[in-house]
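Analysis of the macromolecular model
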Amino acid sequence: MKSVVVTGAGTTEVLNVERPIVGPADALLAVKACGICGSDSFYMHIGGVPPRQGNTPLGHEIAGEIVEVGPEVTGLAVGDHVVVNPMASPTGIIGNGGARGGLAEFLLIEQAVVGESVAIIPDHVPWHVAALNEPMAVARHAVNRANPVAGEKAVVFGAGPIGLGALIDLTLRGIDTVVIDVQPTRLAKALAIGASAAIDSSKEDVAARLIELHGDSPLRPGESRPSTDIYIDAAGVPAVITSVQRFAKHGARLSIPAVHKSPVEVDFGALLSTELTITLSRGYPTEIFEVTYDIVAAWDRYAQIVSDMVPFTEVQEALTLAGTPGAADKVVVTF
């Protein structure tokens, strides 16, 4: 079979490798779609995870069809459509330093257990949408960290895949959600997916606009602050943290799934009177298959997150596209 591997810093190759042999407790998946994550470009740049000699398989956003099942596996059958938990592999995280990657024609699911390593999805969910399961679990964890309550008001900074995933999650929970970005196409997509409003922070006064949309909750007389309950930072730029510090109301919550690549100043003295709750969000401790139900129920909304579908025969072009800033929002490789 063919598999994409990192063969050196900045170098990937499509190699011919042995098709996996299915053990008694394993299942074999014919990969049908695999998303490309921003972390894949990072792995390529450093030459694997961790940087090492030899080949590092790529791909961890996986959906596919079961083509072989070991005799000890229960609850799975040939023909089942599934999404994959890359963290559950006993030989290392799939596509993230482990022995196997999802940018391959076949993927061995070792010690296959429904609800732990895979989840079955209905056949009507398109493969490229199913492949969003893993990144949408990241978005769901960010929302969970903010402890949302139906009827609250939220803001998502950044209308990339994680931000849009958080938007869908919040709106499915009955939360009015505004999206903030600087790219008109992303803002238009956010509105199409379900944002109550979209703000271009390069052109508008964000605080004033949020007060119009969410109401005014001043900390003290003569002051105005948006009555926003939840802020999600899916942008990873210092201006987001600076802005939230400046206008968060008392008791607001800030959840940060974005990766900040440089230190950000936080003024705890100024924040004291707001009692702002700040939580960091990493991965998906419990959410990998929680989000599957949402994707099945609202797959047509999630489908709009995918900007480009590229066939596996052009996977190198797909990796270049995904790794070029501003060229694409979400690239999914199809088989």
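To start, this report covers the structure provided alongside it. Note that this is a predicted model, so its numbers are computed, not measured. (Residues numbered from 1 in each chain as written. Predicted model: local features only at pLDDT ≥ 70, side-chain atom pairs only at ≥ 80, totals over all residues. Heavy atoms only, no water.)

Further remarks concern the overall build of the protein. Summing up its helical and strand segments, the protein has 11 helices and 16 strands in all. For 335 residues, the compact-globule formula gives about 20 Å, and the C-alpha radius of gyration of the protein, at 21 Å, lands near that figure. For the protein, with 335 residues in total, the buried portion stands at 52%. At a minimum sequence separation of 6, the contacts of the protein that also span at least 24 residues come to 65%. Counting every atom, the protein has about 14300 Å² of accessible surface; 54% of that belongs to carbon and sulfur. One finds the centroid of the 22 positive side-chain charges in the protein at a distance of 5 Å from the centroid of its 37 negative side-chain charges. (Helix = DSSP H or I, 4+ residues; strand = E, 2+ residues; numbered from the N terminus. Rg over C-alpha atoms; globule rule 2.2 N^0.38 Å. Buried < 20%, exposed > 50% of the residue type's maximum accessible area, 1.4 Å probe, protein only. Contact = heavy atoms within 4.5 Å. Areas by Shrake-Rupley, 256 points an atom, 1.4 Å probe, with all protein chains shown as cover. Lys, Arg positive; Asp, Glu negative; His and termini not counted. Charge placed at Lys NZ, Arg CZ, Asp CG, Glu CD.)

Before going further, it helps to spend a moment on the sheet that holds strand 9 (residues 153-157). Spatially, 11-10-9-12-13-14 is the arrangement adopted by the six strands of the open sheet, whose pairing is parallel. The sheet terminates laterally at strand 11 (197-200) and strand 14 (277-280), the two strands that pair on one side only. Going from strand to strand, the sheet's axes swing by 20° on average, the running direction of each strand aside. Direction of pairing for strand 9 relative to strand 12 (residues 230-233): parallel, over a ladder of four bridges. Across the sheet, residue Val156 finds its bridge partner in strand 12, namely Ile232. (Pairing = 2+ DSSP bridges. Axes fitted to C-alpha atoms, helices over the stretch in contact; angles between N-to-C directions.)

Their axes nearest at 8 Å, the elements helix 3 (residues 133-145) and helix 4 (residues 161-172) cross at an angle of 60°. Comparing their axes, helix 4 and helix 3 come out oblique. In this structure, helix 3 meets helix 4 at a crossing whose hand is right-handed. Where helix 3 approaches helix 4, its residues Pro135, Met136, Val138, Ala139, Arg140 and Val143 are matched on the opposing element by Pro161, Ile162, Gly165, Ala166, Asp169 and Leu170. (Parallel < 35°, antiparallel > 145°, perpendicular 65-115°, else oblique. Left-handed = near helix turned anticlockwise from the far one by under 90°.)

A word on the pairing of strand 3 (residues 27-35). Among the nine residues of strand 3, eight are classified as buried, and the element is accordingly described as predominantly covered. Looking at chain direction, strand 3 and strand 5 (residues 61-69) are connected through eight bridges and run antiparallel. Across the sheet, residue Leu28 finds its bridge partner in strand 5, namely Glu68. In terms of strand pairing, strand 3 meets strand 16 (residues 331-334) through three bridges, oriented antiparallel. Looking at the pairing, Gly35 lines up with Val332 of strand 16.

Here three strands make up an open sheet; going across it, the order is 2-1-4 and the pairing antiparallel. Two strands lie at the open edges of the sheet, namely strand 2 (11-16) and strand 4 (56-57), each paired on one side alone. Against the sheet, helix 11 (residues 315-322) makes contact with strand 1 (2-8) and strand 2, and its axis sits at roughly 155° relative to strand 2, the strand it touches most.

Before going further, it helps to examine the pattern of salt bridges. Enumeration according to the criterion identifies 14 salt bridges in this entry. Between Arg140 and Asp169 there is a salt bridge whose closest N-O contact spans 3.6 Å. Taken together, the residues span a long stretch of sequence, with Arg140 in helix 3 and Asp169 in helix 4 at a distance of 29 residues. One exposure class covers both Arg140 and Asp169, and it is buried. (Salt bridge = Lys/Arg side-chain N within 4 Å of Asp/Glu carboxyl O.)

For the rest of this paragraph, the subject is the packing of helix 3 against helix 9 (residues 290-297). Close contact between helix 3 and helix 9 brings their axes to 9 Å; oriented N to C, the two are set at 110°. The orientation of helix 3 with respect to helix 9, classified from their angle, is roughly perpendicular. Crossing geometry of helix 3 relative to helix 9 is assigned as right-handed. For the pair helix 3 and helix 9, contact is made by Asn133, Met136, Ala137, Arg140 and Asn144 and by Glu290, Val291, Thr292, Asp294 and Ile295, respectively. Here the residues of the contact of helix 3 with helix 9 are counted per class, giving four nonpolar, three polar and three charged. (Nonpolar A, V, L, I, M, F, W, Y, C, P; charged D, E, K, R; others polar.)

This part covers the environment of Val259. Tracing the backbone through its elements, the reader meets Val259 in the loop between strand 13 (253-256) and helix 8 (268-271). Between the C-alpha atom of Val259 and that of Asp200, which follows or precedes it by 59 residues, the distance is 21 Å.

In terms of nonpolar packing, the biggest core is built from 41 residues, with Tyr302 and Ile305 touching the most fellow members. Broken down by secondary-structure element, the contributors of at least two residues to this core are strand 8 (118-121), helix 2 (127-130), helix 3, strand 9, helix 4, helix 5 (184-193), strand 12 and helix 9. In terms of residue count, the dominant contributor to this core is helix 4 (five residues). Look past the residues within four positions of Tyr302 in its chain and what remains in contact with it is Val129, Leu132, Met136, Ile168, Asp169, Leu172, Val291, Asp294 and Ile295. Formed by 31 residues, the second largest nonpolar core is a distinct cluster that contains Met44, Ile66, Val73 and Val315. (Core = buried A, V, L, I, M, F, W, Y, C linked by side-chain atoms within 4.5 Å.)

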